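Letter by letter, the chains look like this.
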Amino acid sequence: ILFKLERKLREFIINKLEENYNNSWLNAVPRSIINKCENRARKEKQTYQDITQEEVNQILGYADFSDIKKIIITNWTIFEHYFSNTDLIENKLEELEIPRNTIAHNRIISVTELNRISVYANDLNRCMDR
């Protein structure tokens, strides 16, 4: 659920920014996020030699939920039609970050957390599908 949601959010953001900024869409992403993602990509490339340069170039593939939240809020005029209010996206992504990190570090989540993930993912998917 989280894998699909993260990928969809990243793709959604890129598509909406491209619609508004064409090839210069990356300029709409805060420089601090670009730097953080580039550092993550560089570290991965150095650690795992089988990572291709094309994969490294997919810069938002290295964005986490807090980065995604910041990109959306920074470009709120583009995303407000989809997410209605900033509280909705901020709260849901903050709530999802905790179980996402738990899963990423191979720890077990509770049924309650799994249910929350499912509900929030459905909510966010509906927003993006508007």
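Conventions and cut-offs
Residues numbered from 1 in each chain as written. Predicted model: local features only at pLDDT ≥ 70, side-chain atom pairs only at ≥ 80, totals over all residues. Heavy atoms only, no water. Helix = DSSP H or I, 4+ residues; strand = E, 2+ residues; numbered from the N terminus. Polar contact = N/O pair within 3.5 Å; in protein donor to acceptor, adjacent residues only side chain to side chain. 1 Å grid on protein atoms, 1.4 Å probe; cavity = no way out; pocket = protein on both sides within 12 Å on 5 of 7 lines; lining within 4 Å. Points joined across faces, edges and corners; volume = space filled by probe spheres on them.

1. So, the side chain of Asp64
Thinking step 1. Within the secondary structure layout, Asp64 lies in the loop between helix H3 (53-57) and helix H4 (65-74).
Thinking step 2. Among the polar contacts made by the side chain of Asp64, one reaches the side chain of Arg40 at a distance of 3.0 Å.
Thinking step 3. Of the polar contacts made by the side chain of Asp64, one reaches the side chain of Ser66; its length is 2.7 Å.

2. A look at the environment of Asn85
Thinking step 1. Inspection of the secondary structure assignment puts Asn85 in the loop between helix H5 (76-83) and helix H6 (86-104).
Thinking step 2. Each C-alpha atom of the pair Asn85 and Asn101 lies 25 Å from the other, and the pair is 16 residues apart in sequence.
Thinking step 3. Of note is the side chain of Asn85, whose polar atom sits 3.0 Å from the backbone nitrogen of Asp87.
Thinking step 4. Here Leu88 takes part through its backbone nitrogen, which lies 2.7 Å from a polar atom of the side chain of Asn85.

3. Observations concerning the layout of surface pockets
Thinking step 1. The computed volume of the largest pocket comes to approximately 860 Å³.
Thinking step 2. Taken together, 24 residues line the largest pocket, and the ones lying closest to its centre are Glu6, Arg10, Gly61, Tyr62 and Arg100.
Thinking step 3. With seven residues, the single largest contributor to the lining of the largest pocket is helix H1 (residues 2-21).

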